[in-house]
Amino acid sequence: MSQTKTWEQVDQYITERLIPRDTVLEDVLAANQKADLPAYDVSPAQGKFLNLLVQLQGAKRILEIGTLGGYSTIWLARALPSDGHIVTLELDPHHAQVAQANLALAQVEDKVEIRVGDALEQLAKLRDEGADPFDFIFIDADKPNNPNYLKWALQFSRPGTVIIGDNVIRDGEVIHAKSTDPRVQGVRKFYDLIGNEPRITATAIQTVGSKGYDGFVMGIVTG
């Protein structure tokens, strides 16, 4: 059996043992596929991981950079208290339309505000509107802009804010300094900024499973 196949089967085992079957989330993934959205969603195990992190942190305000079809958004929203709120940013209007329908299906649309357009422009608008700091920030969008997203995340943080970056291992390509892949270089600069930022204490975790070989960066803003 190939290593990748083993990863997928173990991921399925974890999901079957620890995550109750959820027909709503299954329907969300099916809707994303029907709408021809790319299969970039987190896995069920990763979604539950994010959900638990939000609960552990006691977050009420979440910023998500990269909505896609709203699958991860739903996992995040379900962890919030009744007065919790998510601002999620999505470039593609079609993706945002699919996400809005999925949020309604999951009955969490009252907790979520989708902002459509270039994320950097939307972040600037949030600043101009005087948005309050967020408790939890999930960065899962175009990787070349990860360094810019981190800079904005710090502007919208407070001591104790949790910042998560997804897809930061990229099948191990992240170690190659001479990579010509702009996504790899964006992630490498992301690491450098976090590592040199005195206001963040952070680590990264490699993951394997149905989404292949990748990982998360997790940081806590300390000041």
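Residues numbered from 1 in each chain as written. Predicted model: local features only at pLDDT ≥ 70, side-chain atom pairs only at ≥ 80, totals over all residues. Heavy atoms only, no water.

The name an unreviewed UniProt entry assigns to the protein chain is Methyltransferase, from the organism Paenibacillus pectinilyticus.

Our next topic: the overall build of the protein chain. A count of helical and extended segments in the protein chain gives 8 helices and 7 strands. Oriented by its inertia axes, the alpha-carbon framework of the protein chain measures out at about 45 × 45 × 30 Å. Going through the 223 residues of the protein chain one by one, you find that 49% of them count as buried. Across the protein chain, every contact between residues at least 6 apart in sequence was considered, and the portion connecting residues at least 24 apart equals 71%. About 11,200 Å² of surface is accessible on the protein chain, with carbon and sulfur atoms providing 52% of the total. (Helix = DSSP H or I, 4+ residues; strand = E, 2+ residues; numbered from the N terminus. Buried < 20%, exposed > 50% of the residue type's maximum accessible area, 1.4 Å probe, protein only. Contact = heavy atoms within 4.5 Å. Areas by Shrake-Rupley, 256 points an atom, 1.4 Å probe, with all protein chains shown as cover.)

A separate point is unusual backbone geometry. Notably, Leu68 is not glycine yet its phi reads approximately 55 degrees, a positive angle. Structurally, Leu68 is set in the loop between strand E1 (61-65) and helix H4 (71-78).

For strand E2 (residues 85-90), the tally of buried residues reaches 5 of 6 residues, placing the bulk of the element in the interior. With 5 bridges connecting them, E1 and E2 associate as parallel partners. Counted as the bridge partner of Leu63 is Val87 from E2. Note on the crossover from E1 through H4 to E2: the handedness is right-handed. Since E2 and strand E3 (residues 112-116) lie parallel, the crossover through helix H5 (residues 93-105) that links them has a hand, and here it is right-handed. (Pairing = 2+ DSSP bridges. Right-handed = clockwise from strand over helix to strand, strands pointing away.)

To continue, consider helix H3 (residues 44-57). Its 14 residues give H3 an end-to-end C-alpha distance of 20 Å, which sits within 8% of 20 Å, the value for a rise of 1.5 Å per residue. Looking only at H3, the buried set comprises Gln46, Gly47, Leu50, Asn51, Leu53, Val54 and Gln57. For H3, the arc enclosing every buried residue in end-on projection is 160 degrees, short of the 170-degree limit, so these residues lie on one face. Where the residues of H3 are buried, they touch E1, H4, strand E4 (136-139), strand E5 (162-166), strand E6 (200-209) and strand E7 (212-221). (Expected span 1.5 Å × (residues − 1). Arc of directions from axis to C-beta.)

What follows covers the pattern of salt bridges. Going through the model one piece at a time under the given rule, you end up with 11 salt bridges. Between Glu197 and Arg199 there is a salt bridge, with the nearest N and O atoms lying 2.7 Å from each other. Here the salt bridges share partners, and the residues they tie into one network are Glu113, Arg115 and Glu129. (Salt bridge = Lys/Arg side-chain N within 4 Å of Asp/Glu carboxyl O.)

To continue, consider the packing of H3 against H4. A pair of packed helices can be characterised by two numbers: the angle between their axes and the separation between those axes. Look at H3 against H4: their axes get within 8 Å of each other, and the N-to-C directions meet at 35 degrees. As for how H3 packs across H4, the hand of that crossing is right-handed. Contacts between H3 and H4 involve Pro44, Gly47, Lys48, Leu50, Asn51 and Val54 from the former and Tyr71, Trp75, Leu76 and Arg78 from the latter. Grouping the amino acids of the contact of H3 with H4 by side-chain chemistry returns 6 nonpolar, 2 polar and 2 charged. (Axes fitted to C-alpha atoms, helices over the stretch in contact; angles between N-to-C directions. Left-handed = near helix turned anticlockwise from the far one by under 90°. Nonpolar A, V, L, I, M, F, W, Y, C, P; charged D, E, K, R; others polar.)

A cluster of nonpolar residues, Val10, Tyr13, Ile14 and Leu18, forms a patch on the protein surface that exposes about 390 Å² of accessible area. Along the chain, the position of Tyr13 falls in helix H1 (residues 3-18). Judged by relative accessible area, Tyr13 falls into the partly exposed class, the value being 47%. (Patch = residues over 30% accessible without salt bridge, like charges linked within 9 Å, V, L, I, M, F, W, Y side chains within 5 Å.)

Further remarks concern the sheet that holds E4. Ordered in space as E3-E2-E1-E4-E5-E7-E6, the 7 strands form an open sheet in which the pairing is mixed. Each of the sheet's edge strands pairs with one partner strand only, and the pair in question is E3 and E6. Here the average twist between neighbouring strands, direction ignored, is 15 degrees.

Moving on to the pairing of E3. In this sheet, E3 lies alongside E2 in parallel orientation, the contact comprising 5 bridges. Considered in E3, the bridge of Glu90 is made with Val116.

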